[in-house]
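Structural characterization, general
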Number of protein chains: 8
Amino acid sequence: MSKALVGIIMGSDSDLKVMQAAVDQLAFFNIPFEIDVVSAHRTPEKMFDYAKNAHKRGIKVIIAGAGGAAHLPGMVASLSPLPIIGVPVKSSNSIDGWDSVLSILQMPNGVPVATVALNAAKNAGILAAQIIGSSDNSILKKMEVFKEKMKQEVEKKSKNVQQKFNS
Amino acid sequence: MSKALVGIIMGSDSDLKVMQAAVDQLAFFNIPFEIDVVSAHRTPEKMFDYAKNAHKRGIKVIIAGAGGAAHLPGMVASLSPLPIIGVPVKSSNSIDGWDSVLSILQMPNGVPVATVALNAAKNAGILAAQIIGSSDNSILKKMEVFKEKMKQEVEKKSKNVQQKFNS
Amino acid sequence: MSKALVGIIMGSDSDLKVMQAAVDQLAFFNIPFEIDVVSAHRTPEKMFDYAKNAHKRGIKVIIAGAGGAAHLPGMVASLSPLPIIGVPVKSSNSIDGWDSVLSILQMPNGVPVATVALNAAKNAGILAAQIIGSSDNSILKKMEVFKEKMKQEVEKKSKNVQQKFNS
Amino acid sequence: MSKALVGIIMGSDSDLKVMQAAVDQLAFFNIPFEIDVVSAHRTPEKMFDYAKNAHKRGIKVIIAGAGGAAHLPGMVASLSPLPIIGVPVKSSNSIDGWDSVLSILQMPNGVPVATVALNAAKNAGILAAQIIGSSDNSILKKMEVFKEKMKQEVEKKSKNVQQKFNS
Amino acid sequence: MSKALVGIIMGSDSDLKVMQAAVDQLAFFNIPFEIDVVSAHRTPEKMFDYAKNAHKRGIKVIIAGAGGAAHLPGMVASLSPLPIIGVPVKSSNSIDGWDSVLSILQMPNGVPVATVALNAAKNAGILAAQIIGSSDNSILKKMEVFKEKMKQEVEKKSKNVQQKFNS
Amino acid sequence: MSKALVGIIMGSDSDLKVMQAAVDQLAFFNIPFEIDVVSAHRTPEKMFDYAKNAHKRGIKVIIAGAGGAAHLPGMVASLSPLPIIGVPVKSSNSIDGWDSVLSILQMPNGVPVATVALNAAKNAGILAAQIIGSSDNSILKKMEVFKEKMKQEVEKKSKNVQQKFNS
Amino acid sequence: MSKALVGIIMGSDSDLKVMQAAVDQLAFFNIPFEIDVVSAHRTPEKMFDYAKNAHKRGIKVIIAGAGGAAHLPGMVASLSPLPIIGVPVKSSNSIDGWDSVLSILQMPNGVPVATVALNAAKNAGILAAQIIGSSDNSILKKMEVFKEKMKQEVEKKSKNVQQKFNS
Amino acid sequence: MSKALVGIIMGSDSDLKVMQAAVDQLAFFNIPFEIDVVSAHRTPEKMFDYAKNAHKRGIKVIIAGAGGAAHLPGMVASLSPLPIIGVPVKSSNSIDGWDSVLSILQMPNGVPVATVALNAAKNAGILAAQIIGSSDNSILKKMEVFKEKMKQEVEKKSKNVQQKFNS
């Protein structure tokens, strides 16, 4: 694999079943990535190192997923100059996901986290590709193809539904 | 001004008092931008044109602010291959901002919006700079300076507080 | 089937299990309808065409169901002069349905969506019939019969319950 | 004034400051209406009479506004075969409007209320016009003019904003 | 059974699995009751009759259970001079019970409903007994016995837990 | 004043501006009452004494108002055999009143609190009168007069509104 | 077992499946504890005795778990001079845990409860150990070891994830 | 001032108007403290140093206040072996305080934060005193005096209210 452009981190390996969709989406766009378990609360020093150094080894975007009082995306954002994408994970100890969403979204002035929907690791992967695509025309083109493909899938469903009700 | 790299749009000119902070932040980073009022619900055709063509004239990131049932960021995301930053605005007709937040954040798979905190147009400006900075080292450097400056401001406040309580 | 008076659209074919109840209800009132999958986010052009032209081919009311950040009903309302009925769908990626409800209900001034309860496609079908019935006496009469039937069903349940506790 | 086509009722005269916008909007579309204070909880008999008889004297749509545990729209819907538009009012005793919204929106199967946004009496007026317009081409035409007017207002704001930032 | 002192009504027979606990509790206190299915939305006339006449045949308290946009307790309270106990039912179409709770609890000034916890039909039965007990010393005494019994049950659990951890 | 039948207590004298409405309502119905400040958290022993002895000196109903984590109504209910009416007060330290409402409403099985709407001390007074009225025909009659009076007030408002729009 | 330093109480033995984690955690730190079922609502006198006397027999911290309108932690805090840790339990009758959380967290000025996350009895045990450790160096040391152990567990997971994606 | 036992930190000096109450309360109990502005997001390195070293210079408890996506209390808890008290601050960018509360309260297993009510810095001060008092009898005694004082204040208010209504 070529040098990673996107770093995917998550607070616990139990988040992997949600975060896998980000992996798959980056693979689809053929964007090299790295992946690790980094916990803001259990491995704060590792989180510090990761956040302070990712851009030095060529990472362009970081995707961070976490649940409950989810501090990983925001803390990485406080330490890295890169755009950070936060994925609120509806973990087992979450109050219906509200804690995960608000802990990631409601960052103070000066330290943004690009938050996606609850459990929306797939969209995090697409957003990372869009960010890289904003300065890489080949990815931008793939994004247009991707959108076209979504369109065609809906059209197929549309035909199925119409057939069912009109035949 | 040189060719705009960031497009700032909002659903109504009443959102300008919130969105001004994005303008200021881009000016701070010296990133050229364009600004317009584009309403998903009142000028849907203009919104279509804007979203489909922004990347063709060199825009790299779009910041879209809207309140209530806020469809502007998501609809622009459905039509543009660019990364879209959504700013939920706590407009007068909003239910404490929850409608704005959820209408922008909870986008379906395939169509992400990079959502920032309620009314956090300043953070939208910083995030746009980070996205451009991910492929532009001079902006990346400015981002590190910006973070250093925030640090110093906190230190000044720290001194004031300590003086107040220890002298 | 005679010319459709009601258009039923939904963001994804996975919404069909909820939206089927609208179909059934219109069939009950013998009101001709059409049905399609139209996604605001994945097929925005098709959505545009649908919304701008439905009334030209005789559609009187549009029922639109969608989940999460549900933009379909509101965007169709922005483009069509017809009354639009919105059905918030509690989709798998929804935060307990709150996102679907608020994204559809909280439309800005000028662009109403007639919103029904979460997953209440049956009520959307009845409301469409009431709208057509407001200028069609035969439907109005059927509505009164429908209400009478509901009453009798409750009476039957009432008898069962009373029998259980008094015999 | 010609025979009323729309009935506007509200639970208390304190709701009038919100409901006035529905009046204004119907006047704009030149649709004759009647208006009254009808309380589900304080004048239940009057509410019964109103709901059971409105359609007999030519009313085509009823707009009902209420706050708190807002039962007026739903109770009228249970008694009338007409389409009922519910306006949740953020009254002084409301918990941020959530009670008004949920009491009106979450009607059981069989008895829909076409709910608009919190305090959105203006949208209730437009929706009533759309319902009448669905069988009255002159209103349908006015609706298209109305939408065009909204578009032009946004365009004017757009010009102001662009002028401010580009001159 | 002697003349009923408490009337138990519910919006649908599907509420019976919740409301049964009120029945059991009244039986425990040996208080005669009647039970019926009365729907505010599907049988509004029956609801009117029930509410206006219950006190005339000797009913002292009415327990009304309903879910979703639950109007039954409030409407009965608007028509009857008796104390009405409302039981919010977490029905299948409810948004986590919030709609049921707010529709029953947030009654306007002048028309109270004595609301108990979500699904707490057992507490509704006890409250009805307390209301009757406030003027009937034999019931008041039973209430003290009932409280004593609860205490003893907790004591038994306490012993079990202590045994488990200390032996 | 004759012997008090209703006890009104509140967690702090700052609740008096809300609770005054209960006082006024009981005065309206001519029901003798007593009033005191009793804090579950600051004067737990006094609360114990109050709750255990109120019924012994002839109190028939207790109205307890409190805000935030409002434990007063529930603790009194755990100690007294009387019906307890809880008034959730939207105090300054409350999260929009939700804490007050849920702390009072969601009592466990066995220990009901008859909860009224947020700040609805007036309704607490009416409910207390209804409870006493359930065994006192003269109060029951006054309740019917009270309802009639409310009806007439609405009718007066109805006339004002109709005059405004029809003259 | 030596003299108990921590008292663990819960409103019902059904809370034990949640509260067991506090027991396990104290055992891990080798801190002697006592455990009992004490219900604020069903055994108020026992609760009074427990809260007033715990510190007299050497208890240093009390952990109290309860669900729904959870008054146990707050009432114990009102009666004891000790630090009280509250564990909101998501019991079966709870509205998604919000009632438990708010009833315990939102205590009035003067009477704090140290609240942990919903169902987080494990964290209550750790917090109790930290409180004892604040004046007992051996426990403080164990706390540092415990944190080190958590770190190592995350590192192991990190290796597994990296292996999975890089081999 | 003698060596500080409690460290009070806050994310911004704008939190001081809330956090002052913690200062006042510690002064009341005569417990020496230190105070500083430490931002998790703007001065992450300082936060690291503070959290890792506080216990080494004799601090026994840390009180940390923060608003919005409030990561300060949780991050300090991840790095310090001491008990951490979190004060959710309702800052200007907060969504009614919910984000502050959930970001602090809902910490994952292994890393507790002793959370107090929204803006309840006074209670944080009392809780810190209770923690120190759990191993310092003179503070424990002061706590009992403090509770007695609260009781007397309520008694004074009680007299005032009774005088007002009985004279």
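Residues numbered from 1 in each chain as written. Chains lettered and ligands numbered in written order. Predicted model: local features only at pLDDT ≥ 70, side-chain atom pairs only at ≥ 80, totals over all residues. Heavy atoms only, no water.

This part covers the overall build of chain A. What chain A contains, in helices and strands, is six helices and five strands. In sequence order, the secondary structure elements of chain A are arranged as β-α-β-α-β-α-β-α-β-α-α. Projected onto its principal axes, the C-alpha positions of chain A cover 65 × 40 × 30 Å. The buried share of chain A, reckoned over its 167 residues, is 69%. Positive and negative charge centroids in chain A, built from 19 and 14 side chains respectively, lie 5 Å apart. (Helix = DSSP H or I, 4+ residues; strand = E, 2+ residues; numbered from the N terminus. Buried < 20%, exposed > 50% of the residue type's maximum accessible area, 1.4 Å probe, protein only. Lys, Arg positive; Asp, Glu negative; His and termini not counted. Charge placed at Lys NZ, Arg CZ, Asp CG, Glu CD.)

With that settled, consider the confidence of the model for chain A. Per-residue pLDDT for chain A averages 96, and the proportion of residues at 70 or more is 99%. Scored as a whole, the predicted complex attains pTM 0.97, and scored at its interfaces, ipTM 0.97. (pLDDT = per-residue confidence, 0-100.)

We now examine the interface of chain C and chain E. Counting from both sides, the interface comprises 14 residues of chain C and, opposite them, 16 residues of chain E. Surface buried jointly by chain C and chain E totals about 1,500 Å² across both partners, of which 65% is contributed by carbon and sulfur atoms. There are five residue pairs in polar contact (both at pLDDT 80 or more) connecting chain C and chain E. Contributing elements (two or more residues each) for the side of chain C that touches chain E: helix H4 (98-105) and helix H6 (137-166) of chain C. Taken together, the residues of the side of chain C that touches chain E sort by class into seven nonpolar, two polar and five charged. (Contact = heavy atoms within 4.5 Å. Buried area = accessible area lost by both parts, 1.4 Å probe. Polar contact = N/O pair within 3.5 Å; in protein donor to acceptor, adjacent residues only side chain to side chain. Nonpolar A, V, L, I, M, F, W, Y, C, P; charged D, E, K, R; others polar.)

Another point: the arrangement of the chains. Nothing in chain A touches chain D, and the closest approach of their C-alpha atoms is 17 Å. Note that chain A does not reach chain E: the shortest distance linking a C-alpha of one to a C-alpha of the other is 11 Å.

This next bit is on the environment of Ile85(E). Residues and elements named next belong to chain E. Following the sequence through the fold, Ile85 ends up in strand E4 (residues 84-89). By relative accessible area, Ile85 is classed as buried at 0%. Sequence separation between Ile85 and Pro112 is 27 residues; the distance between their C-alpha atoms is 9.3 Å. The residues touching Ile85, leaving out its near neighbours within four places in the chain, are Val61, Ile62, Ile63, Ala64, Val113, Ala114, Val116, Ala124, Leu127, Ala128 and Ile131.

Spanning 30 residues, helix H6 (residues 137-166) of chain B covers 43 Å between terminal C-alpha atoms, matching the ideal 44 Å at 1.5 Å per step. Those residues of H6(B) lying buried are Ile139(B), Leu140(B), Met143(B), Phe146(B), Lys147(B), Met150(B), Val154(B), Ser158(B), Val161(B) and Phe165(B). (Expected span 1.5 Å × (residues − 1).)

Turning our eyes to something else, we now look at the packing of aromatic side chains. What the rule picks out here adds up to 32 aromatic pairs over all chains. Relative to Phe146(E), the ring of Phe28(E) lies with its centre 5.6 Å away and its plane at 65°, an arrangement referred to as edge-to-face. With Phe28(E) in helix H1 (residues 16-28) and Phe146(E) in helix H6 (residues 137-166), the pair connects residues that are 118 residues apart, well separated along the chain. Judged by relative accessible area, which is 39%, Phe28(E) ranks as partly exposed. Judged by relative accessible area, Phe146(E) falls into the buried class, the value being 6%. Taken together through their ring pairs, the aromatic side chains of Phe28(A), Phe29(A) and Phe146(A) make up a single cluster. We note Arg57(C) situated over the ring of Tyr50(C); from NZ or CZ to the ring centre the distance is 5.1 Å. (Phe/Tyr/Trp six-rings, centres within 6.5 Å; stacked < 30°, edge-to-face > 60°. Lys NZ or Arg CZ within 6 Å of the ring centre and 35° of its normal.)

Time to look at the relation of the copies chain C and chain E. Take chain C, turn it by 90°, move it 0.0 Å along the axis, and it overlays chain E with an RMSD of 0.0 Å. As the rotation angle and translation indicate, the two copies are arranged about a four-fold axis. Within chain C, Asp96(C) has its C-alpha nearest the rotation axis, a separation of 5.5 Å. Little of the interface of chain C is mirrored in chain E, where only 14% of its interface residues again form contacts. (Least-squares fit on C-alpha atoms with pLDDT ≥ 70 in both.)

As a further point, take the pattern of salt bridges. The tally for this structure, following the rule as stated, stands at 56 salt bridges over all chains. Among the ionic pairs, Asp13(B) bridges to Lys157(D), the shortest N-O distance being 3.7 Å. With Asp13(B) in the loop between strand E1 (6-10) and helix H1 (16-28) and Lys157(D) in helix H6 (residues 137-166), the pair connects residues from two separate chains. For Asp13(B), a relative accessible area of 28% translates into the label partly exposed. Residue classification places Lys157(D) among the partly exposed positions, given a relative accessible area of 30%. Residue Lys151(H) is joined to Glu45(F) by a salt bridge in which the shortest nitrogen-to-oxygen separation is 3.1 Å. A residue pair is termed interchain when its members come from two chains, as with Lys151(H) in helix H6 (residues 137-166) and Glu45(F) in helix H2 (residues 44-53). Taking the relative accessible area as the measure of exposure, Lys151(H) reaches 22% and is therefore partly exposed. (Salt bridge = Lys/Arg side-chain N within 4 Å of Asp/Glu carboxyl O.)

Of the transformation superimposing chain A on chain B, the axial component is 0.0 Å and the angular component is 180°, with the fit at an RMSD of 0.0 Å. Here the copies are linked by what is in effect a two-fold axis. Same-surface contact between copies: 100% of interface residues of chain A are shared with the interface of chain B.

This brings us to a positive patch on the surface. Together, Lys90(A), Lys90(C), Lys90(E) and Lys90(G) make up a region of like positive charge exposed at the surface. Mapped onto the elements, Lys90(E) comes out in the loop between E4 and helix H4 (98-105). (Patch = residues over 30% accessible without salt bridge, like charges linked within 9 Å, V, L, I, M, F, W, Y side chains within 5 Å. Areas by Shrake-Rupley, 256 points an atom, 1.4 Å probe, with all protein chains shown as cover.)

All names here are of chain B. Most of E1 sits out of view: five of its five residues are buried. Here E1 shows a buried face lined by Val6, Ile8 and Met10 and a second buried face lined by Gly7 and Ile9. Of the strand pairs in this sheet, E1 and strand E2 (residues 33-37) are connected by five bridges, and their pairing is parallel. Within E2, the position partnered with Met10 by the bridge is Val37. Crossover handedness for the path E1 to H1 to E2: right-handed. In this structure, E1 lies alongside strand E3 (residues 61-67), joined through five bridges in parallel fashion. Pairing of Gly7 across the sheet is with Ile62, part of E3. (Pairing = 2+ DSSP bridges. Right-handed = clockwise from strand over helix to strand, strands pointing away.)

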